[in-house]
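Observations on chain architecture
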Amino acid sequence: MPKIVLSHITKRWDKFYAVDDLNLVIDDNAFVTLLGPSGCGKTTTLRMIAGLETPTEGKITIGDRVVFDSEEGINVPPNKRKVGFLFQNYALWPNMTVYENISFGLTNIKEEKEKVDFETRNNAKICEILQKSEEVVKLIEESYDKKGQLDKDKALLKLIDKYEISQYTANKIIGYGLTAENNQQLAQKKIDELHALIQKAKDKAQKDGYTLNEKYVYCKDNQPIKEVRKLTKEEIDLAVRRVSRIVKIGMFMKRYPAELSGGQQQRVAIARTLAPEPTVLFMDEPLSNLDAKLRLEMRSELQRLHLQTGSTFVYVTHDQMEAMTLATKICLIDNGILQQYDAPLDVYSKPNNLFVADFVGNPAINFIEAKGKQRADGGVELTILDNVKLNFRPNEQLDIAEWYKQQEEVDRKRSENESSKSLQKGYVEKSNKEVNFKYHIAKVEETEDFDDEISLNEDDFVVGIRPEFVRITANGKLSGDIYSSMPTGMETTVRINVNNYLLTGVMFGGLAYQLGQNVNVDILGDKIMLFSRVNGRFITLGQVEM
């Protein structure tokens with residue numbers, strides 16, 4: 001499967017930059033989710049990789065093939081990129097059966113393929129199956145109804161799934177009329193007849209100057225012969241049966257979309273996408289039309305599908321829970337700019353900035369503004385919640401003054417790069433410029449935000465605390481009242497009023513709290529986050545001592 005590389009990809013409409021200088025490497029066989037709020041540029045990114053949208057500038061490589069290059073004038077159309085699409089709208093043909101919906105795209109494929117003697121290959125496969133004729137008879141006998149009539153569709157499906165054959169081959173086997181009484185003698189007779197036909201086909205191929213290899217592909221000088229052709233009915237049927245086995249819809253082949261549930265329709269759409277064997281599968285919010293229970297089930301199916309197919313999956317969603325549970329890597333975008341590209345748990349535990357920390361996680365992270373200075377021993381003395389003193393101890397050695405110098409250097413280089421770009425021919429100034437993320441501090445009584453300018457310096461911080469680290473304990477150092485309590489059975493989400501500030505915590509187990517109940521609270525664990533309030537960036541992880 002191919003690796004996908006995006007180099008300096010930009011897409012703009014007039015002065016609006018939907019995607020701005022995106023660099024991204026999607027590894028072979030990865031499951032990458034493009035995550036972000038509505039309008040952030042994730043679907044535009046997906047469409048550019050797929051070829052449905054033309055970038056303004058940059059370069060896209062799929063495998064060892066450049067599919068787009070603004071400088072070289074390369075732009076390979078979508079149907080030549082060997083990619084599959086799965087959208088929010090399943091777009092199934094209502095007048096076609098499930099089988100016809102899945103096979104529809106395959107009938108139009110015309111490309112260079114190996115020249116195969118399908119009849120001879122099928123004869124060889126039947127010989128292999130008939131070696132265990134008693135097993136075949138058992139499958140057929142299981143398909144008789146209570147009236148003693150053979151349910152042919154059921155028998156066909158059993159043979160197709162058991163031996164991974166087409167319906168045409170399965171029909172042929174049923175037509176032999178094997179029974180418990182005659183199966184061995186009749187099976188051997190058919191095997192002899194088929195062996196004779198196989199030998200005849202080999203002799204004919206040799207007479208025509210070819211040989212048939214073990215897969216019954218025509219060869220000359222031990223090299224497979226290729227020809228530009230459409231898929232045969234046999235190949236189409238094998239492809240349809242293969243994907244129907246993967247998504248478990250083999251029994252619905254003769255039904256119409258209106259006769260299926262939402263989840264079943266989704267499976268048909270997935271099967272149709274997988275049938276041409278795309279090297280990359282693009283999915284744009286494919287589960288958003290399903291109910292909550294079905295979405296959970298389909299997430300599990302997509303994980304299994306990714307493992308089975310070995311394809312590279314690129315998945316667009318604004319649902320951070322979907323991104324966390326499905327992805328091998330999350331690509332988080334905001335305002336067309338890449339914010340973080342990491343494994344899900346790294347994005348959750350070590351976010352690059354306040355926006356990432358806020359966007360990922362349910363319930364949302366607690367942000368607490370803090371002021372303080374670093375001590376000689378590396379700890380940071382902070383004042384939070386108006387008058388609470390605490391010591392933040394970084395997990396790793398940290399010099400905050402040096403950290404700020406490094407950030408200034410990063411900003412200087414970025415500014416130089418922007419200035420250099422502005423001098424280039426054709427430069428268009430960006431209208432949707434990057435601004436610092438406005439985080440929310442939860443309070444019982446919130447004052448109106450008039451967007452006033454605030455003077456900040458290196459002593460201003462934001463502490464980020466995930467809800468699972470806020471614990472109600474008998475000896476907790478903070479005292480507060482239960483503002484809300486939402487039990488779900490497995491856990492209870494509580495909001496605690498501490499000095500007019502609301503802290504969200506998750507208490508595991510079947511716990512219940514009374515509104516207004518006085519409790520003591522501790523902040524536990526070594527994954528408490530420290531951010532700079534000046535630039536909103538992540539500084540380090542650590543633990544706090546009251």
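This report concerns the structure included in the present document. (Residues numbered from 1 in each chain as written. Predicted model: local features only at pLDDT ≥ 70, side-chain atom pairs only at ≥ 80, totals over all residues. Heavy atoms only, no water.)

Section: the overall build of the protein chain
Scanning the protein chain from terminus to terminus reveals 14 helices and 27 strands. C-alpha atoms of the protein chain, sized along the principal axes, occupy 95 × 65 × 45 Å. Going through the 546 residues of the protein chain one by one, you find that 47% of them count as buried. Considering only intrachain contacts with a sequence separation of at least 6, the fraction spanning at least 24 residues in the protein chain is 67%. Carbon and sulfur atoms make up 48% of the accessible area of the protein chain, which totals about 28700 Å². Side-chain charges in the protein chain split into 73 positive and 81 negative, and the spacing between the mean points of these groups amounts to 7 Å. (Helix = DSSP H or I, 4+ residues; strand = E, 2+ residues; numbered from the N terminus. Buried < 20%, exposed > 50% of the residue type's maximum accessible area, 1.4 Å probe, protein only. Contact = heavy atoms within 4.5 Å. Areas by Shrake-Rupley, 256 points an atom, 1.4 Å probe, with all protein chains shown as cover. Lys, Arg positive; Asp, Glu negative; His and termini not counted. Charge placed at Lys NZ, Arg CZ, Asp CG, Glu CD.)

A short note on the sheet that holds strand β5 (residues 65-69)
The five strands lie next to each other as β2-β1-β4-β5-β6, forming an open sheet whose pairing is antiparallel. The open sheet has two edge strands, β2 (16-26) and β6 (74-75), and neither has a second partner. In the packing of helix α1 (residues 42-50) onto the sheet, contacts are made with β1 (4-13), β2 and β4 (57-62), and the angle to β1 comes to roughly 120 degrees. (Pairing = 2+ DSSP bridges. Axes fitted to C-alpha atoms, helices over the stretch in contact; angles between N-to-C directions.)

Considering the sheet that holds strand β24 (residues 501-508)
Pairing within the open sheet is antiparallel, and its five strands lie in the order β21-β25-β22-β23-β24. With one partner strand each, in any of the chains shown, β21 (470-472) and β24 form the two edges of the open sheet. Going across the sheet, the axis of each strand differs from the next one's by a mean of 45 degrees, ignoring polarity. Pairing of strand β23 (residues 491-498) with β24 involves eight bridges; the strand directions are antiparallel. Along β24, the bridge assignment pairs V494 with G505.

Things to note about the environment of Q340
Within the secondary structure, Q340 is located in strand β16 (residues 337-342). Along the chain, Q340 and S133 lie 207 residues apart, while their C-alpha atoms are 58 Å from each other. Apart from the residues lying within four places of it in its own chain, the contact partners of Q340 are I330, C331, L332, D346, V347, K350, P351, N352 and V356. In terms of polar contacts, Q340 uses its side chain to reach the backbone amide nitrogen of N352, at 2.6 Å. (Polar contact = N/O pair within 3.5 Å; in protein donor to acceptor, adjacent residues only side chain to side chain.)

As for unusual backbone geometry
Residue N362 is joined to P363 through a cis peptide bond whose omega torsion reads 0 degrees. The topology assignment puts P363 in the loop between α13 (354-359) and β17 (366-374). Positive phi is not limited to glycine here, since E285 has a value of about 45 degrees.

As for the pairing of strand β18 (residues 380-384)
Every second residue of β18 is oriented toward a common face, the buried set being V380, L382 and I384 and the non-buried set E381 and T383. Taken together, the five bridges between β17 and β18 define a ladder with antiparallel strand orientation. Bridge assignment links G372 to a residue of β18, and that residue is L382. Hairpin connection of β17 to β18: five residues between the antiparallel strands, including G378 at a positive phi of 100 degrees. Inspection of the sheet shows β18 paired to strand β19 (residues 388-394) by five bridges, in the antiparallel sense. The residue of β19 that forms the bridge with V380 is F392. The turn joining β18 and β19, which pair antiparallel and follow one another in sequence, is formed by three residues; a positive phi near 50 degrees is taken by L385.

Observations concerning the side chain of S143
Tracing the backbone through its elements, the reader meets S143 in the loop between α4 (133-141) and α5 (152-163). Polar contacts involving the side chain of S143 include one to the main-chain carbonyl oxygen of L139, which spans 3.1 Å. In this structure, S143 is in contact with Q149, L150, D151, K154, A155 and K158, ignoring residues within four places of it in sequence.

A word on the packing of α4 against helix α7 (residues 183-207)
One way to put it is that α4 packs onto α7 with a least axis distance of 9 Å and a crossing angle of 115 degrees. Judged by the angle between their axes, α4 and α7 are roughly perpendicular. In the packing of α4 onto α7, the handedness of the crossing is right-handed. Seen from α4, the contacting residues are S133, E134 and V137; seen from α7, they are N183, Q184 and A187. Grouping the constituent residues of the contact of α4 with α7 by class yields two nonpolar, three polar and one charged. (Parallel < 35°, antiparallel > 145°, perpendicular 65-115°, else oblique. Left-handed = near helix turned anticlockwise from the far one by under 90°. Nonpolar A, V, L, I, M, F, W, Y, C, P; charged D, E, K, R; others polar.)

Some points on the nonpolar core
Taken as a class, soluble globular proteins show a tendency for nonpolar side chains to be buried jointly. With 45 residues, the main nonpolar core has F367 and L382 as its most contacted residues. What L382 contacts, discounting residues up to four positions off in sequence, is A370, K371, G372, V388, K389, L390, F392, F461, V463 and L530. Core analysis: the second largest hydrophobic core is formed by 36 residues, Y99, V243, I249 and L294 among them. (Core = buried A, V, L, I, M, F, W, Y, C linked by side-chain atoms within 4.5 Å.)

With respect to α5
Between its first and last C-alpha, α5 extends 16 Å over 12 residues, near the 16 Å set by a 1.5 Å rise per residue. When we look at burial in α5, the residues that qualify are A155, L156, L159, I160 and Y163. Projected down its long axis, α5 shows its buried positions confined to an angular sector of 130 degrees, all on one face. The inward-facing, buried residues of α5 abut α3 (118-130), α4, α6 (167-175) and α8 (233-247). (Expected span 1.5 Å × (residues − 1). Arc of directions from axis to C-beta.)

A word on the pairing of β16
Inspection of the sheet shows strand β15 (residues 329-334) paired to β16 by five bridges, in the antiparallel sense. Of the residues in β16, the one forming a bridge with I330 is D342. Hairpin connection between β15 and β16: a loop of two residues separates the two successive antiparallel strands, and N335 in this loop has a positive phi of roughly 55 degrees.

Section: the pattern of salt bridges
Where charged atoms of side chains with opposite charge meet at close range, the side chains can pair. Scanning the model with the defined rule gives 32 salt bridges in all. Across the pair D153 and K254 runs a salt bridge, and its minimum N-O distance is 3.1 Å. With D153 in helix α5 and K254 in the loop between α8 and α9 (262-274), this residue pair connects regions lying 101 residues apart in the sequence. Under the relative-accessibility criterion, K254 is labelled exposed at 60%. Among the salt bridges present, the one from E409 reaches R412, with a minimum N-O distance of 2.5 Å. Within this pair, E409 and its partner R412 are both found in helix α14 (residues 400-422), separated by three residues, close to a single helical turn. Accessibility expressed as a relative area gives 33% for E409, which makes it partly exposed. Given a relative accessible area of 38%, R412 falls into the partly exposed group. It is possible to trace a salt-bridge network through shared partners that takes in R267, E297, E301 and R304. (Salt bridge = Lys/Arg side-chain N within 4 Å of Asp/Glu carboxyl O.)

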